[in-house]
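Here are the chains, one letter per residue:
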Amino acid sequence: MRHLLYLIIVVFTLQNPCRAVAPVLTYVFPSGGQVGTTVQASLSGTFPEWPPKIVVYSPDIKIEFKEKNKASIIIDPKAPPGPKLFRVFNKDGTSAPKAFWVGTIPEIEEVEPNNTYLKPQSIGVGPVLINGKLGVAGDTDSFAVDAKKGQTIVAHLLGNHGIESPMDAAMQILSPDGFILAENHDRFGLDPFIAFIAPNDGTYRIRVFAFPSTPDTAIRFSGADTYIYRLTITTGPYIDHVFPLSLQTGRPQVVQLKGWNLSKEFAALNMNASPSLTETRIFKTGAAGNFSVKCTPYPSLVFPIDKLSMLLESSCIISGCLDFKKDHTFELRFKKGDKYKIKIDARSIGSDLDPLVVQKDAIGKELKRVDDDGAASRDASVEVTFTGEPTFLKITDLHNHSGETYYYRMSVIPIVPDFEFSVDGESFAPKDNKPVEVPIKFSRVAGHSSDIVFKAIDLPKGWSAEEIKVTSKIASPVKLLIKPDEKAESGFFKITAKSGEALKAGIRNLPSLESTLDDYYLLTEFK
């Protein structure tokens, strides 16, 4: 009798249409490819149907599905480097987005066995990008690179940051006879980076291993099928960052590439950012590495290396580097009553600087001391209401460090009436035949009091929504109601907010993927 009951339950489960299974995309391997190539990739996850439906958020790549869990990823020859997001979905839901990284140098896959420095995988002098995996517990990967005395070997691993591999990777450079010459653990989040000058001609080893990104009680190197990485190795040109760190749109500018193995002539790059751009990624053929810069209508200035301080009297973006000095001082002279936000970006753009900002008045009295913006940020910002008298800002490193990788971007922007909003959640489904409720949080800045109109747009078939007008008397949060009819289909949609001439989209920042998304997903009610 018990066996019969079990059989009935199994049959009911298999036949029950209420059983909803959304696809899960765990990772794609290789997780990137060189511009202009086609990559044969494996997709790991759970896919109730094959091929799955897919949404690709960039025109730079095209994905064609093949046999189960296989895909061809075609990269446009004109694609700029960086992450290109995509996800799979069905009527029951959507996977989390994943990044496929487009690079500028030749790429290969790791070849086992390469577990010891005595039997490394040889890559010559580079440049090369290795797509690898620390597939089992205790795994280590070793690579051999040839270098001449005085050459700089650059090695950069992308894993936890950018690919979301659940590992905390470490990297070492070994001498040909196995002695550790350099090592790094966490340069970019949990990912390592090394720039090492070869003391002699020889074949050096680069060794990679990892611990879990969420610490556990195991005292050993970790590994798993999900421990995938992208390792750049080169003895040639490598771009770490650029100067200035912002571009003024609509104006020709010369950008200096900063990094290693860069000649003076090679490092100069002429740029002219379109007024429509808010960000652009700078790279150069023949060099590994790239860097994303902000594009704004404000003047882009550089802190003078031959001055002790810099005078500021209008809105601007300043790029600075604490390489020769351990602090930079600014004298700000603005009109009485002017309100400005001064924001320092450093760690968020790849710098080693942990900025500390000290504000003083004209007689040297300290007014403010600001370190971190919050628990999630090691950068700093300060708001200043000017009195008509000059005020002084000093930027230094919290730990009093300095060097060529201690750079920052300081934005001096007026505070004007404005608003911001965010949406709690990514996927929404109706319950008990009631409309979907999308919670929207909003805030007003600097006395903003105009009406804000929230709308759901690009709705899938069978859905409708009325806009919400929020007056200055309505408090946050509000709920946007989206109604399905009997023929409603699952699908993506977007949310916008308009106030006066300002039109904003509901954007979710994905810092670990170095990208953003602006869509949400509607599910039909399961019957």
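Definitions and cut-offs
- The written sequence of each chain sets the order in which its residues are numbered from 1.
- Totals for whole chains, interfaces and linings use all residues, but because this is a predicted model, local features are given only for residues with pLDDT of at least 70 and pairs of side-chain atoms are given and counted only at 80 or more.
- Values shown for side chains rest on all heavy atoms present in the structure; no hydrogens or waters enter the calculation.
- Where helices and strands are cited, they refer to DSSP runs of H or I of at least four residues and of E of at least two residues respectively, numbered from the N terminus.
- With a 1.4 Å probe rolled over the protein chains alone, any residue whose accessible area is under 20% of its type maximum counts as buried; one over 50% counts as exposed, and the rest are partly exposed.
- Contacts are assigned to residue pairs with any non-hydrogen atoms lying within 4.5 Å of each other.
- Accessible surface is estimated by sampling points in the Shrake-Rupley manner with a 1.4 Å probe; for residues, cover comes only from the protein chains shown.
- By the counting scheme adopted, Arg and Lys are positive, Glu and Asp are negative, and His together with the chain ends is not counted.
- Lys charges are placed at NZ, Arg charges at CZ, Asp charges at CG and Glu charges at CD.
- Criterion used throughout: strands pair if DSSP finds at least two bridges between them.
- Under this definition, polar contacts are N or O atom pairs within 3.5 Å; protein pairs additionally need one hydrogen-donor-capable and one acceptor-capable atom, and for neighbouring residues in sequence, both atoms have to be side-chain atoms.
- Convention adopted: a line fitted to C-alpha atoms gives each axis, helices being fitted over their contacting stretch, and angles between N-to-C directions are expressed from 0 to 180 degrees.
- Salt bridge, as used here, is a side-chain nitrogen of Lys or Arg placed within 4 Å of a carboxyl oxygen of Asp or Glu.
- Stacked, edge-to-face and tilted labels apply to pairs of Phe, Tyr and Trp rings (six-membered ring for Trp) whose centres lie within 6.5 Å, assigned for plane angles under 30 degrees, over 60, and everything in between, in that order.
- A ring is considered to have a charge above it if a Lys NZ or an Arg CZ atom is located within 6 Å of its centre and within 35 degrees of its normal.

1. Points about the overall build of the protein
- The number of helices and strands found in the protein is 3 helices and 47 strands.
- Here the protein holds 527 residues, and 46% of them are scored as buried.
- Within the protein, contacts between residues at least 6 apart in sequence are counted, and of these 64% link residues at least 24 apart.
- Roughly 26100 Å² of accessible area belongs to the protein as shown, and the carbon and sulfur atoms make up 54% of that amount.
- Between the averaged position of the 60 positive side-chain charges in the protein and that of its 62 negative side-chain charges there is a distance of 3 Å.

2. Thoughts on unusual backbone geometry
- For the bond running from Phe-29 to Pro-30, omega is -5 degrees, close enough to zero to count as cis.
- Relative to the assigned elements, Pro-30 resides in the loop between strand E1 (24–29) and strand E2 (32–34).
- For the bond from Gly-126 to Pro-127, the omega torsion is 0 degrees, close enough to zero to count as cis.
- Mapped onto the elements of the fold, Pro-127 is located in the loop between strand E11 (121–122) and strand E12 (128–133).
- Located in the positive-phi region is Asn-69, a residue other than glycine, with phi close to 65 degrees.
- Position of Asn-69 among the secondary structure elements: in the loop between strand E5 (61–65) and strand E6 (70–75).
- One non-glycine residue, Glu-514, adopts positive backbone phi at about 55 degrees.
- Positionally, Glu-514 belongs in the loop between strand E45 (508–510) and strand E46 (515–517).
- For Glu-514, a relative accessible area of 35% puts it in the partly exposed group.

3. Observations regarding the side chain of Ser-499
- Counting through the fold element by element, Ser-499 comes out in strand E43 (residues 491–499).
- In contact with Ser-499, other than residues within four places in its own chain, are Phe-419, His-448, Ser-450, Asp-451 and Ile-452.

4. Some points on the sheet that holds strand E18 (residues 202–212)
- The strand order across the open sheet built from 5 strands is E11-E13-E18-E15-E16, with neighbouring strands paired in mixed fashion. Of all the strands in the sheet, the pair left with one neighbour each is E11 and strand E16 (180–184).

5. Quick notes on the side chain of Thr-140
- The residue Thr-140 is located in the loop between E12 and strand E13 (141–147) in this model.
- The class for Thr-140 is buried, based on a relative accessible area of 10%.
- Among the polar contacts made by the side chain of Thr-140, one reaches the main-chain carbonyl oxygen of Asn-115 at a distance of 2.5 Å.
- If we ignore the near neighbours within four places in the chain, the residues touching Thr-140 are Asn-114, Asn-115, Leu-134, Val-208, Phe-209 and Phe-221.

6. Re the sheet that holds strand E17 (residues 193–197)
- A sheet is described by the order of its strands in space; here 5 strands give the open sequence E10-E12-E19-E14-E17, paired in mixed fashion. Bordering the open sheet on either side are strand E10 (107–109) and E17, each of which pairs with just one other strand. When strand polarity is set aside, the average angle formed by the axes of neighbouring strands in this sheet is 20 degrees.

7. Some details on the pattern of salt bridges
- Inspection of the entire model under this criterion finds 22 salt bridges.
- Arg-333 is the partner of Glu-331 in a salt bridge, and the nearest nitrogen-oxygen pair spans 2.6 Å.
- Residue Glu-331 is classed as buried on the basis of its relative accessible area of 17%.
- In this structure Arg-333 comes out as partly exposed when scored by relative accessible area, which is 40%.
- Among the ionic pairs, Arg-508 bridges to Asp-519, the shortest N-O distance being 3.9 Å. Pair noted here: Arg-508 is in strand E45 and Asp-519 is in the loop between E46 and strand E47 (520–522), with a separation of 11 residues, a long-range link.

8. Section: the packing of aromatic side chains
- In total, this model carries 23 aromatic pairs according to the counting rule given.
- Between the aromatic rings of Phe-303 and Phe-330, the centroid separation amounts to 5.3 Å while the plane-to-plane angle is 75 degrees, which identifies the pairing as edge-to-face. You can see Phe-303 sitting in the loop between strand E26 (300–302) and strand E27 (309–312) and its partner Phe-330 sitting in strand E29 (residues 327–332), a full 27 residues away along the chain. This pair shows no difference in class: Phe-303 is buried, exactly as Phe-330 is.
- Aromatic pair Phe-493 and Tyr-520: ring centres 5.9 Å apart, planes at 40 degrees, arrangement tilted. Here Phe-493, found in strand E43, pairs with Tyr-520, found in strand E47; they are 27 residues apart in sequence, far enough to count as distant.
- The exposure class assigned to Tyr-520 is buried, which follows from its relative accessible area of 2%.
- Site record: aromatic cluster; members linked through ring pairs are Phe-188, Phe-193, Tyr-238 and Trp-260.
- Across the ring face of Phe-193, the terminal group of Arg-187 is positioned such that the distance to the ring centre comes to 5.2 Å.
- Note that Arg-508 overlies the ring of Tyr-520, its terminal NZ or CZ placed 4.7 Å from the centroid.

9. Things to note about the environment of Ala-182
- On the secondary structure map, Ala-182 appears in strand E16.
- It is 40 Å that separates the C-alpha atoms of Ala-182 and Lys-62, two residues lying 120 residues apart in sequence.
- Not counting chain neighbours up to four residues away, the residues in contact with Ala-182 comprise Met-171, Gln-172, Ile-173, Ile-194 and Phe-196.

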